[in-house]
Amino acid sequence: MEITTHGLWTLVHGMGFGALYLLACSGAVVELWRRYAATELSPISEREEGFLWAYLLAMMVLAWAAVLTGTYIVYPWYRAVPPAGTVDLAGYPQRLLLSSPATSGWHSIGMEWKEHVAWLVPISITMAFAVFSKHRRNLRNHPELRAMVLSFVAVSFLAAGIAGFFGAMIDKRAPVEGGPSIRLIQGESR
Amino acid sequence: MSSRSGDTPAPAAPAMTNGSGAAAVVAAGFGSFVLAVAAIAADKSAAIKSMMNLYRPTGPLSGVTTTAILAWLVLWMVLELRWRNRDVAIKPAGAVAFTLLALSLLLTFPPIADLF
């Protein structure tokens, strides 16, 4: 059982950073919605406040890690240009997708949207983290500000979902593969 | 995550202005919008596309995202310096920011971006 280094980085980018970010979104929305509402009367403990601060920090790190690995590590492999006369486009995902009308939309719509919309995620969650770091429990006294933070986190979930969906579908049709292979487990021959 | 009996209740929240928060929200909306506009500009103009090619393996995407991040951070810094100690009208500021964010989501969608 082996995986190529390009495949491993794609996995780390999508299934690691991206998927973890998507999973984390619901927790942030619920916590901000439930505990930081102006109508919520029970006091927020320092432990709860610290937990949400660390949670949003982790989300911010995941979001930046996802877009930076995607843009600067995986995307160059995706858009690699094959030498003239190359017939087998397996190592050139963008060109492979564009080579057929049945798959070209996955690049011209899917990847073109994904590569840009994904960047709304770190911008939004960095804002959410910064606002929460500044206001913390005081966010209860600023319901409009809390509503904006919630809205941006919700949009970041949508943007991350779009990027994740197209990333997964594109990788099914034209996987980013190449580089040295890493042996994970020695299989048995039958 | 409701408060547990062993948790230390946080001290009463001190009164704070909303200026810093508003600055962060507006700048985030603006940065997102710049990203969408820069992406369209790089797609439509060969000169801008070439200018945005900061890192060849990534292509124009490197310049588009760097431009947006710089615009976002610069505006955030400027607004923070101007608004940090005051209350601003958060509803209109929030409405502008969210409109810019929603437009960014739409403008990055290729069939809509291709209309320009």
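As the structure is a computational prediction, the values presented were derived from the model and not from experiment.

A. Region of the structure containing the confidence of the model for chain B. Residues and elements named next belong to chain B. Predicted confidence across chain B gives a mean pLDDT of 91, with 88% of residues reaching 70 or more. When pLDDT is averaged over each helix and strand of chain B, the minimum, 96, is found for helix α4 (residues 90-107) and the maximum, 98, for helix α3 (residues 60-83). For the stretch residues 1-6, pLDDT sits under 50, and the model shows 13 contacts to residues farther than four places along the chain or on other chains. In the model output, the complex is listed with pTM 0.92 alongside ipTM 0.92.

B. The arrangement of the nonpolar core in detail. One finds Y21, L32, L56, M59, I125, M127 and F152 of chain A to be the most contacted residues of the largest nonpolar core, which totals 78 residues. For this core, the secondary-structure elements that each account for two or more residues are α1 (5-35), α2 (46-78), α4 (104-117), α5 (120-135) and α6 (143-173) of chain A together with α1 (19-44), α3 and α4 of chain B. Sorting elements by how many residues they give to this core places α6 of chain A first, with 14 residues. Beyond its immediate sequence surroundings of up to four residues, Y21 of chain A is in contact with M59, L62, A63, V121, I125, S156 and A160 of chain A.

C. Representation of α5 of chain A within the structure. Residues and elements named next belong to chain A. Taking 1.5 Å per residue as the helical rise, α5 with its 16 residues ought to reach 22 Å, and the 23 Å between its terminal C-alpha atoms agrees with that figure. For α5, a buried count of 13 out of 16 residues is recorded, marking the element as mostly surrounded by other parts of the structure. Immediately beyond the C-terminal end of α5, within one or two residues, lies R136, with a positive phi of roughly 45°.

D. Structural context of the interface of chain A and chain B. On the side of chain B, 52 residues touch chain A, which itself brings 47 residues to the contact. For the pair chain A and chain B, the summed buried area comes to about 4200 Å², and 73% of that belongs to carbon and sulfur atoms. Taken together, the links from chain A to chain B amount to 0 salt bridges. The interface formed by chain A and chain B contains 6 residue pairs in polar contact (both at pLDDT 80 or more). Only α1, α2, α4, α5 and α6 of chain A provide two or more residues apiece to the side of chain A that touches chain B. Examining the composition of the side of chain A that touches chain B, we find that 10 residues originate from one element, α5 of chain A, more than from any other. Looking at the side of chain A that touches chain B, its residues break down into 24 nonpolar, 11 polar and 12 charged.

E. Local environment of the packing of aromatic side chains. This structure, assessed with the given rule, holds 14 aromatic pairs over all chains. Aromatic side chains W64 of chain A and W119 of chain A sit 6.0 Å apart centroid to centroid with 80° between the ring planes, which places their arrangement in the edge-to-face category. With W64 of chain A in helix α2 and W119 of chain A in the loop between α4 and α5, this residue pair connects regions lying 55 residues apart in the sequence. With a relative accessible area of 21%, W64 of chain A lands in the partly exposed category. On the basis of relative accessibility, which here comes to 3%, the residue W119 of chain A falls in the buried class. Between W113 of chain A and F166 of chain A, the aromatic rings sit 6.2 Å apart at their centres with planes inclined by 55°, giving tilted as the arrangement. You can see W113 of chain A sitting in helix α4 and its partner F166 of chain A sitting in helix α6, a full 53 residues away along the chain. The buried category is assigned to W113 of chain A, whose relative accessible area is 14%. Take F166 of chain A: its relative accessible area is 12%, and that puts it in the buried class. Ring pairs connect the aromatic residues W106, W113, F165 and F166 of chain A together with F109 of chain B, which therefore count as one cluster.

F. Representation of unusual backbone geometry within the structure. Its identity as a non-glycine residue notwithstanding, R136 of chain A has a phi of 45°, on the positive side. Counting through the fold element by element, R136 of chain A comes out in the loop between α5 and α6.

G. Representation of the packing of α1 of chain B against α4 of chain B. Residue and element names in this part refer to chain B. The contact between α1 and α4 brings their axes to 8 Å, and the two run at 25°. Here α1 is positioned roughly parallel relative to α4, judged by the angle of their axes. The hand of the α1/α4 crossing is left-handed. Contact with α1, carried on its side by A22, V25, V26, G29, F30, S32, F33, A36 and I40, involves I90, A93, A97, L100, L101, L103, S104 and L107 of α4 and no other residues of that element. By residue class, the composition of the contact of α1 with α4 is 14 nonpolar, 3 polar and no charged.

Rules behind the numbers
Residues numbered from 1 in each chain as written. Chains lettered and ligands numbered in written order. Predicted model: local features only at pLDDT ≥ 70, side-chain atom pairs only at ≥ 80, totals over all residues. Heavy atoms only, no water. pLDDT = per-residue confidence, 0-100. Helix = DSSP H or I, 4+ residues; strand = E, 2+ residues; numbered from the N terminus. Contact = heavy atoms within 4.5 Å. Core = buried A, V, L, I, M, F, W, Y, C linked by side-chain atoms within 4.5 Å. Buried < 20%, exposed > 50% of the residue type's maximum accessible area, 1.4 Å probe, protein only. Expected span 1.5 Å × (residues − 1). Buried area = accessible area lost by both parts, 1.4 Å probe. Salt bridge = Lys/Arg side-chain N within 4 Å of Asp/Glu carboxyl O. Polar contact = N/O pair within 3.5 Å; in protein donor to acceptor, adjacent residues only side chain to side chain. Nonpolar A, V, L, I, M, F, W, Y, C, P; charged D, E, K, R; others polar. Phe/Tyr/Trp six-rings, centres within 6.5 Å; stacked < 30°, edge-to-face > 60°. Axes fitted to C-alpha atoms, helices over the stretch in contact; angles between N-to-C directions. Parallel < 35°, antiparallel > 145°, perpendicular 65-115°, else oblique. Left-handed = near helix turned anticlockwise from the far one by under 90°.

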